[in-house]
Every structure is written in C-alpha cells, then in structure tokens.
Amino acid sequence: MRSTITLHLVASLDGFIAKKDNSISWMDTSDVYERGVTDDGAEVLQSIDCYVLGSRTYEHALELGWPYGDTPTVVVTKRKLPCTRKTVEFYSGDLRKLVGEILAPRYRNIWLVGGAMLGQSFLKLGLVDEIRLMIAPVTLGDGLHLFGDSGTEQKWHLKNVVGYRNGYVELWYARQASGS
Ligand SMILES: NC(=O)c1ccc[n+]([C@@H]2O[C@H](COP(=O)([O-])OP(=O)(O)OC[C@H]3O[C@@H](n4cnc5c(N)ncnc54)[C@H](OP(=O)(O)O)[C@@H]3O)[C@@H](O)[C@H]2O)c1
C-alpha cells in the first residue's frame, strides 16, 4: 500500500496559522468571490484514513470541540497526556519510524494537520508528500509562522488551485522528486 502524507493547514495571507491568543475568529469570513465555488469538503474528509497532530494542536482541538470525528488520530508528544478518545494514540520518538513503521503500513491517506512545530519537523525530514494550504482572506500581522523553520529548499508541483466563494483559496502541491 502506497501511503501519502499531506500537510494541511489554514494560513492567513501573510503566512500565520494562529494568533498569539489562540483565538480563531480570524478564520471567519464575510468576503464574497463571485466566481468562487462552494464546497463543504465532506468528500475529502471522508477519504482521510488518519490524522497526525502535535500535542499543542491536540490540546487546542479538545478545547474547541473535537473536529476529527472517529478517524484514527496520532498525537506526537513526549509528555504523558490524558487519552480522551478511543481513536487517539500517542507517539514519542523518531518521526521517520512513526511514518515508516506505524503509519504507512496501516493507512493510505494520512493528514498532518499541524501545528507549525510538527509540520516543520516533518518538512525538515522530507516526510511531507503533499501540501494543501487554505489561504484565508485576512492578514494578521503577527502570530505563529507557518513555515518559520522548515529546513532546505524543495520544489513543489502545483496539483490544483481552488478559489472559494468565501474568499479562501486552496493551493495543493506535491513534492517534486529531487533533481526534477
Ligand atoms: N491554522 C491551522 O490550520 C492550524 C492547524 C493546527 C494548529 N493550529 C494552531 O497552532 C497552534 C499549535 O501549533 P504549535 O506549532 O505551537 O504546536 P504543535 O506542532 O501543535 O505541537 C507542538 C508539540 O508537539 C510535539 N512535537 C512537535 N514536534 C515534535 C518532534 N519532532 N518530536 C517530538 N515531539 C514533537 C511536542 O509536544 P510535547 O511538548 O508535548 O512533547 C511539541 O511541544 C495552536 O494555536 C493551534 O490552534 C493551527
């Protein structure tokens, strides 16, 4: 089975994925792009076999109301965190082993949904196959930077662009093989 790791994040136009106070109202939009599509993303969500999260994203997701349903979810942490759901397991250790020995044999469509720290760790190790970035129609000026420290140069192939009616744009890229 060939598995794919997709890094999926929502970012502001100026490249932040969270505000310092952790509030999320910046993701609300009243913008209207007349030629944009409307799509609730249900089909894409159904195709996801597993989510991978950093511990801070896990804690924030619990506060906000669990958005990952009953889909298996792996939380990366060195701490002993309370397990609140049957579908959640915790992992501590080498991220290459996590992908090669735990995720890839079990899951095909793996979504790494943040946060910045874990996303950057995966990028640095070359473990991200695809990036799906939702750009929100807002600038934040400050906050948690999406790609603050992501390692070396890497070329990406544009697979798709979707402009949504609410002013969001999704950029979907696949990693290009080195040398191409
Ligand atoms: N806009 C979006 O799409 C989006 C998506 C996700 C999250 N967010 C936001 O981003 C913020 C959280 O992001 P963040 O960057 O601060 O934290 P994060 O990546 O969610 O979690 C960081 C934690 O994950 C663990 N971790 C990360 N890399 C590791 C590695 N290589 N090895 C071992 N453990 C590792 C560590 O946990 P321990 O310290 O427990 O060991 C680390 O403290 C929240 O505000 C959240 O709401 C936004």
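Values in this document were obtained by computation on a predicted structure and should not be read as measured data.

1. What about the packing of aromatic side chains?
Inference 1: Following the criterion strictly, the structure yields 4 aromatic pairs and no others.
Inference 2: A centroid spacing of 5.9 Å and a plane angle of 85° characterise the contact between tyrosine 58 and tryptophan 66, whose relative ring orientation is edge-to-face.
Inference 3: When the ring of tyrosine 58 is compared with that of phenylalanine 90, the centres are 5.5 Å apart and the planes differ by 85°; the resulting orientation is edge-to-face. Here tyrosine 58 is found in helix 2 (residues 55-64), whereas its partner phenylalanine 90 is found in strand 5 (residues 88-91), with 32 residues between them in sequence.
Inference 4: Among the residues examined, phenylalanine 90 registers a relative accessible area of 29% and is labelled partly exposed.
Inference 5: By the ring-pair criterion, three or more aromatic residues cluster together here, those being Tyr51, Tyr58, Trp66, Tyr68 and Phe90.
Inference 6: Arginine 132 extends its terminal NZ or CZ atom over the ring of tryptophan 172, reaching a point 3.8 Å from the ring centre.

2. Some remarks on helix 3 (residues 95-103)
Inference 1: Those residues of helix 3 not exposed but buried are Leu95, Leu98, Val99 and Leu103. End-on view of helix 3: buried residues confined to an arc of 90°, all on one side of the axis. Relative to its buried face, helix 3 has exposed residues pointing more than 90 degrees away, namely Arg96 and Glu101.
Inference 2: Contact partners of the buried residues in helix 3: strand 1 (4-12), strand 3 (50-54), strand 4 (73-76), strand 5, strand 6 (109-112) and helix 4 (116-124).
Inference 3: Looking at where helix 3 begins, the residue whose side-chain oxygen comes 2.8 Å from the main-chain nitrogen of arginine 96 is aspartate 94.

3. Topic: the environment of leucine 123
Inference 1: One can find leucine 123 in helix 4.
Inference 2: Residues contacting leucine 123, with those up to four places away along its chain left out, are Leu7, Val128, Ile131, Phe147, Ser150 and Trp156.

4. Topic: the site of the ligand
Inference 1: In the vicinity of the ligand lie 24 residues, with Asn22, Thr57, His60, Thr77 and Arg79 positioned nearest.
Inference 2: Contact distances for the ligand include 2.6 Å between an oxygen atom and a side-chain N or O atom of threonine 57.
Inference 3: Interatomic distance of 2.7 Å between a side-chain N/O atom of arginine 79 and an oxygen atom of the ligand.
Inference 4: Against a free-state accessible area of 920 Å², the protein chains account for coverage of 84% of the ligand.
Inference 5: At the level of elements, strand 1, strand 2 (16-18), helix 2 and helix 4 are the ones that each hand at least two residues to the shell around the ligand.

5. Side note on the environment of glycine 36
Inference 1: Following the sequence through the fold, glycine 36 ends up in the loop between strand 2 and helix 1 (42-46).
Inference 2: The class for glycine 36 is buried, based on a relative accessible area of 17%.

6. Here we look at the sheet that holds strand 4
Inference 1: The strand order across the open sheet built from 8 strands is 5-4-3-6-1-7-10-9, with neighbouring strands paired in mixed fashion. Each having just a single partner strand, strand 5 and strand 9 (156-163) make up the two edges of the open sheet. Each strand of the sheet is rotated relative to its neighbour by a mean of 20°, with strand direction disregarded.
Inference 2: Here helix 2 sits on the sheet and contacts strand 3, strand 4 and strand 5; the angle it forms with strand 3, its principal contact strand, is near 105°.
Inference 3: Across the face of the sheet, helix 3 comes into contact with strand 1, strand 3, strand 4, strand 5 and strand 6 while running at roughly 160° to strand 4.

Conventions and cut-offs
- Residues numbered from 1 in each chain as written.
- Predicted model: local features only at pLDDT ≥ 70, side-chain atom pairs only at ≥ 80, totals over all residues.
- Heavy atoms only, no water.
- Phe/Tyr/Trp six-rings, centres within 6.5 Å; stacked < 30°, edge-to-face > 60°.
- Helix = DSSP H or I, 4+ residues; strand = E, 2+ residues; numbered from the N terminus.
- Buried < 20%, exposed > 50% of the residue type's maximum accessible area, 1.4 Å probe, protein only.
- Lys NZ or Arg CZ within 6 Å of the ring centre and 35° of its normal.
- Arc of directions from axis to C-beta.
- Contact = heavy atoms within 4.5 Å.
- Polar contact = N/O pair within 3.5 Å; in protein donor to acceptor, adjacent residues only side chain to side chain.
- Near = heavy atom within 4 Å.
- Areas by Shrake-Rupley, 256 points an atom, 1.4 Å probe, with all protein chains shown as cover.
- Pairing = 2+ DSSP bridges.
- Axes fitted to C-alpha atoms, helices over the stretch in contact; angles between N-to-C directions.

Keep in mind these values describe shape, not function.
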